[in-house]
Amino acid sequence: MAGIFSLVLVIITLVTGIVWAFEKLVWAKQRKAKLAEIEANTNGLDAAVIAKAHKQPWWIENSVSIFPVIGFVLVLRSFIYEPFQIPSGSMMPTLLVGDFILVEKFSYGLKDPVWRTQLVETGKPERGDIAVFKYPQQPSIDYIKRVIGLPGDTVRYSARKELCIQKAGASKCEPVKLSNVIESPFVQGKIPLIQLDEKLGEETHQVLVNPLRRDRTSEYRPRSNVNEWVVPQGHYFVMGDNRDNSLDSRYWGFVPESNLVGKAVGIWISFERERGADSVLPSWIPTGVRFNRIGGIH
């Protein structure tokens, strides 16, 4: 859907831009020359005739008015920031259903909005980034996960739900530090989830685990008891912060660099949609605003 919207936006910008250019460079001058010719062959024109001669056809007037606005939106959305909505709980507690986030499009390179060919390289994902990307198995869908493994890394996820990362070129696997273990307010299947602080590099973020749920290791890639993944060059290993409720690189593989959309940097609004079972309101209508969630993302 996002790809179709980008294509439509580009087409509208292109068409209105062509009309705008012809109006400024050709048609306006032709109308002015025609008016001067009429005035030279008459004793004078009243104001109504002059206004009519100067008036733009409706389609030119609309295109000239729309082009600057639509052009600004295209540049902003394609190369600077794009809004996204969080549809699921796979990134809880960092991101909640109902959060609307801003994604920095230029973090991982400037790409054209239609074919997504990289135009300018501006940076690479860092460990711990929250990245938006095209789902490798269905590129029309945007996913959001946290970057865990960089190209060349070896990532291990133990049965105790602990990460160990052997960085590219390193001789040993370093366990990711966990601390501040508490019972979270989030519940899954009537079971309170455990919340922990996890430190990737210099950044610390919170993750959730279900203490009574075993890993679905039979569904992991590769299917083995080792639960180890070697990240290929040009790819990234990503996971959701809600570790037992996230379909991520453990299940469907790595994210190619070409699929990266941008880095999530802030929450600009967050809506609550909690309501009773007897509510007659549609589920998409917000029941409140979580003002305390507006701001940066960690």
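In what follows, the accompanying structure is described. Since the model is a prediction, treat every value here as computed from it, not as a measurement. Sequence positions are assigned chain by chain, starting from 1 and proceeding in written order. Two thresholds apply to this predicted model, a pLDDT of at least 70 for residue-level local features and 80 or more for giving and counting side-chain atom pairs, whereas whole-chain, interface and lining totals are computed over all residues. The side-chain values count all of the structure's non-hydrogen atoms but skip hydrogen atoms and water molecules.

**So, the sheet that holds strand E12 (residues 203–209)**
How we decide: By this definition, two strands are paired if DSSP reports at least two bridges between them. Only runs of H or I of at least four residues qualify as helices and only runs of E of at least two qualify as strands under DSSP, and these elements are numbered from the N terminus. The angle between two axes is taken between their N-to-C directions and runs from 0 to 180 degrees, where each axis is a line fitted to C-alpha atoms and a helix contributes only its stretch in contact.
With antiparallel pairing, three strands are arranged side by side in an open sheet as E10-E11-E12. Both edges of this open sheet fall to strand E10 (177–188) and E12, since each of them pairs with a single strand only. Between one strand axis and the next, the sheet turns by 30° as a mean value, whatever way the strands run. Alignment of strand E11 (residues 191–200) against E12, held across seven bridges, turns out to be antiparallel. By the bridge assignment, Gln195 is partnered in E12 with Leu208.

**A short note on empty space enclosed by the protein**
This is how the line gets drawn: Lining residues are those with an atom within 4 Å of a point, where the points come from a 1 Å grid over the protein atoms alone and group into cavities, where a 1.4 Å probe fits but cannot get out, or pockets, open sets with protein on both sides within 12 Å along at least five of seven lines. Grid points are joined across faces, edges and corners, and a volume is the space filled by probe spheres set on the points. Throughout this entry, Asp, Glu, Lys and Arg are counted as charged residues, while Ala, Val, Leu, Ile, Met, Phe, Trp, Tyr, Cys and Pro are counted as nonpolar. The remaining residues, Gly among them, count as polar.
Taken as a whole and judged by the stated rule, the model has one cavity of 30 Å³ or more. Along the walls of the largest cavity sit Arg213, Arg214, Asp215, Arg216, Tyr220, Arg243, Asp244, Arg250 and Tyr251, which together make up its complete lining. Counted by class, the lining of the largest cavity contains two nonpolar, no polar and seven charged residues.

**Topic: the pattern of salt bridges**
Working definition: two side chains of opposite charge can pair if their charged atoms are close together. Our working rule: In the sections that follow, a salt bridge refers to a side-chain nitrogen of Lys or Arg positioned within 4 Å of a carboxyl oxygen of Asp or Glu. Buried residues are those whose accessible area, probed at 1.4 Å on protein chains only, stays under 20% of the maximum for their type, while exposed residues exceed 50% and partly exposed ones sit between those limits.
Per the counting criterion, the structure on display carries 16 salt bridges. We note a salt bridge from Glu82 to Lys105, for which the minimum N-O separation is 2.8 Å. Here Lys105 lies in the loop between strand E2 (99–104) and strand E3 (110–111) and Glu82 lies in strand E1 (residues 81–85), a separation of 23 residues in the sequence. Here Lys124 and Glu257 are joined by a salt bridge, their closest N and O atoms 2.4 Å apart. Note that Lys124 is positioned in the loop between strand E4 (118–120) and strand E5 (130–134) and Glu257 in the loop between strand E15 (255–256) and strand E16 (260–272), a separation of 133 residues in sequence. Lys124 gets classed as partly exposed once you look at its relative accessible area, which sits at 38%. Three or more residues are tied together by salt bridges with common partners; here these are Arg77, Glu82 and Lys105.

**Concerning the sheet that holds strand E9 (residues 174–175)**
Judged by pairing direction, the sheet is antiparallel, and its four strands sit side by side in the order E9-E8-E7-E13 without closing on themselves. The two strands at the open ends of the sheet, each matched to only one other strand, are E9 and strand E13 (228–230). When strand E7 (residues 154–157) meets strand E8 (residues 163–166), the two strands line up antiparallel, connected through four bridges. Bridge pairing links Thr154 to Gln166 in E8.

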